Amino acid sequence: GTTLGASAAESGRYFGAAVSTQYLSESAYANTLGAEFNSVVAENAMKWDATEPNPGQFNFSGGDQLVNWAQARGMKVRGHTLVWHAQQPGWAQNLTGQNLRNAMLNHIAGVANHYEGDVFAWDVVNEAFEWDGSRRQSNLQRQLGNGWIEEAFRAADAADPTATLCYNDYGTDSINAKSTAIYNMVRDFKSRGVPIDCVGFQTHIAHNENLSSYQANLQRFADLGVDVEITELDVGQGSGQAATYGTVTNACMAVARCKGITVWGITDKYSWRDDNPLLFDGNYQKKQAYHTVLAALNNG
Ligand code: G3I
């Protein structure tokens, strides 16, 4: 293939980008997205604060705009994210006990039901673990206890039985305390029939990241019977940037259950990071990292 999306599609995979809907009116942004990628995810538009600004009052305008844009071009849409400790609307942040539980479950039902059939996968729960493998002490954890992640997955499955339901996190780029804690949770969920289908590896990394166990880590999750997806890839600038992008792409290509890769933005112009971590520079020119990824997708 001659584009990222077409090349990934040759092995049944997708290659996507996180999109800020506010930039779709910029022609270079839209043209690059439409030409190179075959999947999108909303960088912010489907999060809790955006989709439910007031209790029980849903606003799908930004998410719908992206879904319509993608569907008009035959692109897939990932859903990000139903439950997260960050970007909660103000009204949810100080809820306690059963009120928070009901708010979480109602949010999942409202959003996942709205996008049923439009998104192929959901990041149901985002970033619930700490580096040491303990649970992050978010309002969800403190108010609802250890069972809240399972409750969230069961609610998502009820609202959208066909989407691939993912747990998504960062710092899981090797076999380490955090990825092992998530691994143990997934193994427990699979053994008890909790509906989890996938684990997302954000992969926000440095140009000299140690990726010696990256592929083995993906594979051990796949061996539990879940898909794996690279969900937010970006790599800081530096001499190893292109090679590191290549290592991640090769790892996904080598794991049969690695369904696709999403980069967390299109152009360095609009990255959340200030170290030029994407495949296109600020003028939408292809970087060396782009060429390395394209070659890896075509070699796989
Ligand atoms: O939309 C408002 C705008 O109205 C206001 O004028 C402006 C002033 O600050 O803020 C705008 O909201 C910002 C939003 O991005 C849209 O640009 C928020 O302040 C800002 O916090 C938000 O940052 C996002 C961040 O998640 C929030 O935690 C980043 O764009 C987004 O890239 C980032 O994405 C996360 C993933 O969801 C989860 N994994 C990590 C990843 C990177 O942090």
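Reading the values: rules and limits
- Residues numbered from 1 in each chain as written.
- Predicted model: local features only at pLDDT ≥ 70, side-chain atom pairs only at ≥ 80, totals over all residues.
- Heavy atoms only, no water.
- UniProt positions renumbered as here; feature names shortened; annotations may be inferred.
- Phe/Tyr/Trp six-rings, centres within 6.5 Å; stacked < 30°, edge-to-face > 60°.
- Helix = DSSP H or I, 4+ residues; strand = E, 2+ residues; numbered from the N terminus.
- Buried < 20%, exposed > 50% of the residue type's maximum accessible area, 1.4 Å probe, protein only.
- Lys NZ or Arg CZ within 6 Å of the ring centre and 35° of its normal.
- Expected span 1.5 Å × (residues − 1).
- Arc of directions from axis to C-beta.
- Contact = heavy atoms within 4.5 Å.
- Polar contact = N/O pair within 3.5 Å; in protein donor to acceptor, adjacent residues only side chain to side chain.
- 1 Å grid on protein atoms, 1.4 Å probe; cavity = no way out; pocket = protein on both sides within 12 Å on 5 of 7 lines; lining within 4 Å.
- Points joined across faces, edges and corners; volume = space filled by probe spheres on them.
- Nonpolar A, V, L, I, M, F, W, Y, C, P; charged D, E, K, R; others polar.
- Axes fitted to C-alpha atoms, helices over the stretch in contact; angles between N-to-C directions.
- Parallel < 35°, antiparallel > 145°, perpendicular 65-115°, else oblique.
- Left-handed = near helix turned anticlockwise from the far one by under 90°.

As annotated in an unreviewed UniProt entry, the protein chain carries the name Beta-xylanase and is attributed to Glycomyces tritici. Looking at the protein chain in UniProt, the text filed under Catalytic activity (unreviewed entry) is "Endohydrolysis of (1->4)-beta-D-xylosidic linkages in xylans." Entered under Sequence similarities (unreviewed entry) in the UniProt record, the comment concerning the protein chain runs "Belongs to the glycosyl hydrolase 10 (cellulase F) family."

Undergrad: Describe the packing of aromatic side chains, listing the residues and the values that go with them.
TA: Summed over all chains, the structure comprises 16 aromatic pairs. Taking 3.6 Å as the distance between ring centres and 10° as the angle between the ring planes, the aromatic pair formed by Y23 and Y270 counts as stacked. Of the two residues, Y23 is situated in the loop between β1 (14-19) and α2 (27-36) and Y270 in the loop between β9 (258-263) and α12 (288-299); the sequence distance between them amounts to 247 residues. Under the relative-accessibility criterion, Y23 is labelled partly exposed at 21%. Between the NZ or CZ atom of R73 and the centre of the ring of W69, over which it lies, the distance is 3.7 Å. One residue, R220, lies across the ring of Y183, its end atom 4.8 Å from the ring centre.

Undergrad: Which residues make up the environment of A9, and what values go with them?
TA: Along the chain, A9 falls in helix α1 (residues 4-9). Accessibility expressed as a relative area gives 41% for A9, which makes it partly exposed.

Undergrad: Provide a residue-level description of helix α4 (residues 61-72), including the pertinent values.
TA: With 12 residues, α4 should reach 16 Å at 1.5 Å per residue; the first-to-last C-alpha distance of 16 Å fits that figure. Inspection of α4 places G62, G63, L66, V67, W69 and A70 among the buried residues, and these make up the whole buried set. Each buried residue of α4 lies within a common arc of 165° when the element is viewed along its axis, so the set occupies one face. Tucked into the core, α4 has its buried residues touching β1, α2, β2 (39-42) and β3 (76-84). At the exit of α4 stands G74, carrying a positive phi of roughly 70°.

Undergrad: So what about the environment of W122? Which residues, and what values?
TA: With respect to the helices, strands and loops of the structure, W122 is situated in strand β4 (residues 121-126). Look at W122 and you get buried, because its relative accessible area is 0%. For the pair W122 and G5, spaced 117 residues apart in the sequence, the C-alpha separation amounts to 20 Å.

Undergrad: Give me the lowdown on the UniProt feature "active site" (unreviewed entry) in the protein chain, citing residues and values where you can.
TA: Mapped onto this numbering, the UniProt entry gives "active site" (unreviewed entry) at E232. Mapped onto the fold, E232 is located in strand β8 (residues 227-235). Taking relative accessible area as the criterion, E232 reaches 4% and is therefore assigned buried. Apart from the residues lying within four places of it in its own chain, the contact partners of E232 are H80, N126, N168, F201, Q202, T203, H204, T262 and W264. Separated by 3.1 Å, the side chains of E232 and N168 make a polar contact.

Undergrad: Tell me what's going on with the layout of surface pockets, and back it up with residues and numbers.
TA: Taken as a whole, the largest pocket spans an internal volume of roughly 160 Å³. In terms of lining residues, the largest pocket is bounded by 13 residues, among which W84, E127, H204, E232 and W264 are the most central. In the lining of the largest pocket, the residues fall into 4 nonpolar, 5 polar and 4 charged.

Undergrad: Account for the packing of helix α8 (residues 148-159) against helix α9 (residues 177-192), with residues named and values stated.
TA: Running from amino to carboxyl end, α8 crosses α9 at an angle of 55°, the nearest separation of the two axes being 12 Å. Comparing the axis directions of α8 and α9 gives the class oblique. Considering how the two elements wind past one another, α8 and α9 form a crossing that is right-handed. Here I149, E150, F153 and R154 of α8 come into contact with α9, specifically with M185, F189 and R192.

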